[in-house]
Amino acid sequence: MDDVKSIVTAIKKGDIKPIYFLMGEEPYFIDKISDYIEDHLLQEEEKGFNQMVLYGRDVTVDEIVGNAKRFPMMAERQVIIVKEAQDLSRTIEQLVAYAENPQPTTVLVFNYKYKKLDKRKKLHKAIAKTGVVYENKRLYENQVVDWIQKEMHTRGYQMAPKAAQMLLEFLGNQLDKIDNELKKLQLIAPKGTAITPELIEENIGISKDFNVFELRKAIGSKDNFKAHRIINYFSQNEKDHPMVMTVGMLFSFFVQLQQYHALNDKSEANVAKVLKVNRFFVKDYVSAARNYNMKKVSSIISFLREADMKGKGVGAANVPQGDLLKELLVKIFN
């Protein structure tokens with residue numbers, strides 16, 4: 001996130017490079033940089049002749065280089081953006097000669113999603129010398145919650161940690177999907193609004209009481225009644241709450257709980273750092289650790305592995321997922 005800000009800040013200050021190679025597992029930040037360049041480097045009247053968007057599946061490296069070597073028309077520079085550039089992965093090294101001596105009046109941007117260049121090869125070294133190589137990775141869960149809160153803060157809102165966690169668990173860690181929901185909230189709520197779980201429930205359709213986060217919390221605190229209520233809700237809404245996701249989230253929780261038991265330093269800051277969770281949720285692990293010792297946690301992890309296999313039809317063909325989850329709860333609580 002800081003790298004994105006530094007790249008955009010440099011461009012704003014006029015430090016514009018001839019090549020931007022944007023790569024990695026998280027497309028959201030790649031699009032952020034690329035969209036900024038597309039929207040801000042040229043005046044609107046200059047874009048018609050001097051801005052071009054190409055797609056990796058439709059062009060060759062030679063065609064990209066040919067366009068990049070053109071001179072701008074009645075403008076200081078031209079901008080060429082190659083989207084889905086990962087489709088050129090087999091031939092991308094052919095860009096080496098151009099990268100070593102790029103056209104100074106061209107800004108060439110590659111959106112190379114879900115893949116990355118080999119740092120040992122010439123192309124990576126050449127672009128790093130003459131342009132910008134930006135690489136990102138998918139954010140961890142705790143980073144996504146922090147990102148949601150910070151992002152909404154910059155947009156003029158306050159986001160409750162639980163509300164951010166609800167979005168994460170419902171949408172996963174794909175930031176583009178989360179961003180779409182945040183934009184919906186912006187249309188509904190005026191700036192300065194506190195984004196609460198209730199607001200999320202009313203406007204996005206995620207239940208504040210019946211979700212994996214609340215299930216995990218109920219299990220951690222040994223609230224048998226609440227856990228079974230949530231599982232009953234899930235069994236009636238399997239499309240929105242698939243078993244594989246539920247078991248996966250519980251598995252992650254108990255693996256983290258196992259890590260918590262092994263820690264010597266159980267201070268809030270250290271727990272958050274080691275478990276890679278938001279500090280707001282550390283208390284859930286403290287509570288769960290009182291109810292489940294290391295031996296019990298190890299048994300529960302085995303139960304979860306077994307449930308995952310059954311949920312995929314191994315050894316439990318045609319058994320409703322709701323029944324499998326209820327069986328899992330009985331094993332966890334006993």
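What comes next is a walk through the structure. Not measured: the values here are computed from a predicted model.

It is worth spelling out the overall build of the chain at this point. Along its length, the chain carries 17 helices and seven strands. For the chain, the C-alpha atoms occupy an extent of roughly 75 × 45 × 45 Å along the three principal directions. Per-residue burial for the chain yields a buried fraction of 47% across its 334 residues. In the chain, of all internal contacts separated by at least 6 residues, the share reaching a separation of at least 24 is 75%. Carbon and sulfur atoms make up 50% of the accessible area of the chain, which amounts to about 17,000 Å² in all. For the chain, the distance from the average site of its 50 positive side-chain charges to the average site of its 44 negative ones is 5 Å.

Direction vectors running N to C along helix α7 (residues 141-154) and helix α8 (residues 161-171) enclose 120 degrees, while the axes themselves pass 9 Å from each other. Classified by the interaxial angle, the pair formed by α7 and α8 is oblique. In terms of crossing hand, the pair formed by α7 and α8 is right-handed. Between α7, through E141, V144, V145, I148 and Q149, and α8, the contact on the second element is made entirely by P161, A164, Q165, L167 and L168. When grouped by side-chain class, the residues that make up the contact of α7 with α8 number seven nonpolar, two polar and one charged.

Time to look at helix α6 (residues 122-130). Helical geometry note: an α-helix holds 3.6 residues per turn, so side chains three or four residues apart project in the same direction. Turning to α6, its buried residues are L123, H124, A126 and I127. Seen end-on, α6 carries its buried residues on one side only, within an arc spanning 165 degrees. Residues of α6 that are exposed and point more than 90 degrees away from the buried face comprise K122, K125 and K129. As for α6, its buried residues are in contact with β1 (19-24), α5 (96-100) and β5 (132-136).

As enumerated under the stated definition, the model contains 23 salt bridges in all. The closest approach of N and O atoms between E135 and K116, which form a salt bridge, is 3.5 Å. Taken as a pair, E135 in strand β5 and K116 in the loop between β4 (106-113) and α6 lie far apart in primary sequence, 19 residues in all. Residue E135 is classed as partly exposed on the basis of its relative accessible area of 25%. Several salt bridges share partner residues, and in doing so they unite E151, R155, D179 and K183 into one network.

On inspection of all chains with the given rule, the structure shows 10 aromatic pairs. On the basis of an interplanar angle of 75 degrees and a centroid distance of 5.3 Å, the ring pair of F213 and F281 is categorised as edge-to-face. A residue pair is termed long-range when its members are at least 10 positions apart, and F213 in helix α11 (residues 212-220) and F281 in the loop between α14 (268-275) and α15 (282-291) qualify at 68 residues. Exposure remark for F281: the relative accessible area of 3% places this residue in the buried category. Here a set of aromatic residues connected by ring pairs shows up, and it is made of F253, F254, Y285 and Y292. We note K266 situated over the ring of Y260; from NZ or CZ to the ring centre the distance is 5.3 Å. We note K283 situated over the ring of F280; from NZ or CZ to the ring centre the distance is 3.7 Å.

This part takes up the side chain of Q103. With respect to the secondary-structure elements, Q103 resides in the loop between α5 and β4. Residue class for Q103 comes out buried when judged on its relative accessible area of 14%. Aside from chain neighbours lying at most four places away, what touches Q103 is P18, A68, K69, R70, F71 and Y98.

Let us look at the environment of L171. Its location among the elements puts L171 in helix α8. The exposure class assigned to L171 is buried, which follows from its relative accessible area of 16%. For the pair L171 and E181, spaced 10 residues apart in sequence, the C-alpha to C-alpha distance is 9.3 Å. Not counting residues up to four positions away in its chain, the partners in contact with L171 are K177, I178 and E181.

This brings us to the environment of K17. With respect to the helices, strands and loops of the structure, K17 is situated in the loop between α1 (2-12) and β1. For K17 and D209, which are 192 residues apart along the polypeptide, the C-alpha to C-alpha distance reads 50 Å. Once residues within four sequence positions are removed from consideration, K17 is found in contact with V107, T130, G131 and V132. Polar side-chain contacts of K17 include one of 3.5 Å to the side chain of D15.

What counts, and at which threshold
Residues numbered from 1 in each chain as written. Predicted model: local features only at pLDDT ≥ 70, side-chain atom pairs only at ≥ 80, totals over all residues. Heavy atoms only, no water. Helix = DSSP H or I, 4+ residues; strand = E, 2+ residues; numbered from the N terminus. Buried < 20%, exposed > 50% of the residue type's maximum accessible area, 1.4 Å probe, protein only. Contact = heavy atoms within 4.5 Å. Areas by Shrake-Rupley, 256 points an atom, 1.4 Å probe, with all protein chains shown as cover. Lys, Arg positive; Asp, Glu negative; His and termini not counted. Charge placed at Lys NZ, Arg CZ, Asp CG, Glu CD. Axes fitted to C-alpha atoms, helices over the stretch in contact; angles between N-to-C directions. Parallel < 35°, antiparallel > 145°, perpendicular 65-115°, else oblique. Left-handed = near helix turned anticlockwise from the far one by under 90°. Nonpolar A, V, L, I, M, F, W, Y, C, P; charged D, E, K, R; others polar. Arc of directions from axis to C-beta. Salt bridge = Lys/Arg side-chain N within 4 Å of Asp/Glu carboxyl O. Phe/Tyr/Trp six-rings, centres within 6.5 Å; stacked < 30°, edge-to-face > 60°. Lys NZ or Arg CZ within 6 Å of the ring centre and 35° of its normal. Polar contact = N/O pair within 3.5 Å; in protein donor to acceptor, adjacent residues only side chain to side chain.

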